[in-house]
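An overview of the molecular structure
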Amino acid sequence: VGRRVQNLGGSVGSHLADLLLVVFGYGAYLIPFARFAVSVTHFAQRNLKVVTALKFGRPRIIAYFFLIVFFSLFNHLKFGEIELGGRSIDGGGVIGWWDGGKAVRLFGRPGSYLLVTSGILLSLLIITRISLVRLLKIFQGVGLVFFRRVWAFVSSMAVIAWVRLRKNLGKIAV
């Protein structure tokens, strides 16, 4: 009250942003990305006549909503109260505070993290339409590449250390 609005959306945008932050906490930052993804998918489907690959139905829209809710729950569990805009609010907003409190009472903190992580993963699987088996194969491929690079680095460092050790002991003629 009495302060100048400093938001690109003006007074209405400022109040809407404030409302979304209070309701969803940090989860409010996912809303523009979710809306953008829905819009791009909708227009790509409409203009390119892609039939089934990009079809955007109720399950995916509901999955976006639950992704935002589970992200709010995660932020409540991870951050608790945060300072934002000169005032203290819950990191998960009202939704994170309400549902996160219930989840902790029912499942404990570790169980709540497990529930939230599962919910985020399930939402992402529904949104992207990637099967769990395909996702595991992707992780397996990435893990294999990472393991090979780490192994190559460690083995080369071991060889360098062995050569330096032998050199220091005077057993290698230079």
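Before any of the text, the structure's been laid out above.
All values derive from a computational prediction rather than experimental measurement.

If you tally the helices and strands in the chain, you get 5 helices and 2 strands. What you see in the chain, going N to C, is helices and strands ordered as α-α-α-β-β-α-α. Within the span of the chain, comprising 174 residues, buried residues form 25% of the whole. If you take every contact in the chain between residues at least 6 apart in sequence, the share linking residues at least 24 apart comes to 59%.

So, on to a nonpolar patch on the surface. On the surface, Phe146, Val150, Phe153, Val154, Met157 and Ile160 cluster together to form a nonpolar patch covering roughly 560 Å² of accessible area. Tracing the sequence through the fold places phenylalanine 146 in helix H5 (residues 132-168).

Quick look at the nonpolar core now. Core analysis: the largest hydrophobic core is formed by 19 residues, its most contacted members being Phe24, Ile68, Leu73, Val116, Ile120 and Ile127. The contacts of valine 116, once residues within four sequence positions are left out, are Phe70, Leu73, Phe74 and Leu77.

Scoring rules and cut-offs
Residues numbered from 1 in each chain as written. Predicted model: local features only at pLDDT ≥ 70, side-chain atom pairs only at ≥ 80, totals over all residues. Heavy atoms only, no water. Helix = DSSP H or I, 4+ residues; strand = E, 2+ residues; numbered from the N terminus. Buried < 20%, exposed > 50% of the residue type's maximum accessible area, 1.4 Å probe, protein only. Contact = heavy atoms within 4.5 Å. Patch = residues over 30% accessible without salt bridge, like charges linked within 9 Å, V, L, I, M, F, W, Y side chains within 5 Å. Areas by Shrake-Rupley, 256 points an atom, 1.4 Å probe, with all protein chains shown as cover. Salt bridge = Lys/Arg side-chain N within 4 Å of Asp/Glu carboxyl O. Core = buried A, V, L, I, M, F, W, Y, C linked by side-chain atoms within 4.5 Å.

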